[in-house]
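# Chain and residue survey
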Amino acid sequence: MAAPESGDGNNGAARMVTLISSDNTRFEVEAAAASLSQTLQLTILDGGGGGGDGIPLPNVDSATLSKVLEYCIKHAPAAANGGAPNATAVDRAELERFDNEFVNIDQSVLYSLIMAAHNLEIEGLQSLVAKKVADMIKGKSPMEIRRTLGFPDPTPEEQAEMNAHMLEYGWAYE
Amino acid sequence: MSMQQRSGGEVGAAKRVTASDDGAGGEDCLSALPDDVLIYILRHLDTDEAARTSVLSRRWRRVWTLLPSFSRTPSPPVKCLCSISTSRSRMPLPNPWRRGFPPPRAGSPVNCPFTTSIRPPTVRRRRLREALLSCLASTRPPRSAST
């Protein structure tokens, strides 16, 4: 059950907080996990989110929030240990494996995730997703990037603009 | 360690998914994100690569110009000539790379200017600057991208 508490702060049984997504779904989660979000951490430190009220998150829908919390719950123990100085290599490998699998998802979900991570200020998650998107851009031609990222096909006018731009800055595309 | 989910309203997944209809026209979802988030993504790319995104669409023309700094791809360190003749390596040599370049790393021969990686900075930086100015000039000032 409860992971061994890492010395600091939380009184006895892990404190739970309730988060409410934009579509009114309530999520109950350990305060330690929710505190990975800088934004929520402040509210939680102020004693918010407990009991019946819960913290409303009007910018995050339930599908995204459950994904965000999945990340937070997985990463909370490592974060509580102050980064991971005393984490074993196995733990770290396990987290890495989790991260890799975690971002292996539909693009639209990725974008919702990075937006939520941005709003909630979850540095690790934002970085993880940004890296994934950056990897989708890396080493590709503009047209390939457009295709990969699901841009609509360029209009003839747009295409002409792209060509002119590429002619001018061909060096950047070598 | 568990997460309980109590449903208190209609599940709104459908609302979000509509934006992701594959293929069909309309703005793509990535471009709909605010500048802050796009910059955060571009920061994971080398500056050349980030500059390349300016060609993607008008929306992207100026995003890379908002990057907080330019990263220069380091080329591999060049072998130090001084390290061959050890007797001379301690001589203080003039450092032609002093301006704008990091000092030699710890562990490299003292005062040797040739152990820092030698980059071709000027041409690349000038081109980047030109591209930057052009991208800035070809677009309107920032407008919040929430539409």
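Residues numbered from 1 in each chain as written. Chains lettered and ligands numbered in written order. Predicted model: local features only at pLDDT ≥ 70, side-chain atom pairs only at ≥ 80, totals over all residues. Heavy atoms only, no water.

Per an unreviewed UniProt entry, chain B goes by F-box domain-containing protein and derives from Eleusine coracana subsp. coracana.

Looking at an unreviewed UniProt entry, one finds chain A named SKP1-like protein, with Eleusine coracana subsp. coracana as its source organism. Heading Sequence similarities (unreviewed entry) of the UniProt record for chain A holds this comment: "Belongs to the SKP1 family." The UniProt entry for chain A carries the following comment under Pathway (unreviewed entry): "Protein modification; protein ubiquitination." (UniProt positions renumbered as here; feature names shortened; annotations may be inferred.)

## Points about the overall build of chain B
Scanning chain B from N- to C-terminus turns up 5 helices and 1 strand. Going from the N terminus to the C terminus, chain B shows its helices and strands as β-α-α-α-α-α. Burial status across chain B gives 36% buried among its 147 residues. A sequence separation of at least 24 residues applies to 61% of the contacts in chain B between residues at least 6 apart. When the accessible surface of chain B is totalled, it reaches about 9,400 Å², and 56% of it is carbon and sulfur. (Helix = DSSP H or I, 4+ residues; strand = E, 2+ residues; numbered from the N terminus. Buried < 20%, exposed > 50% of the residue type's maximum accessible area, 1.4 Å probe, protein only. Contact = heavy atoms within 4.5 Å. Areas by Shrake-Rupley, 256 points an atom, 1.4 Å probe, with all protein chains shown as cover.)

## Observations concerning the pairing of strand 1 (residues 16–20) of chain A
All names here are of chain A. Of all 5 residues that make up strand 1, 4 are buried, and the element is covered over most of its length. Taken together, the 5 bridges between strand 1 and strand 2 (residues 26–30) define a ladder with antiparallel strand orientation. Counted as the bridge partner of threonine 18 is glutamate 28 from strand 2. As consecutive antiparallel partners, strand 1 and strand 2 are separated by 5 residues, and within that stretch asparagine 24 has a phi angle of approximately 70°, a positive value. Two strands pair when backbone bridges link them, and strand 1 and strand 3 (residues 55–56) are joined in this way by 2 bridges, in the parallel orientation. Its bridge partner lying in strand 3, isoleucine 20 is registered against proline 56. (Pairing = 2+ DSSP bridges.)

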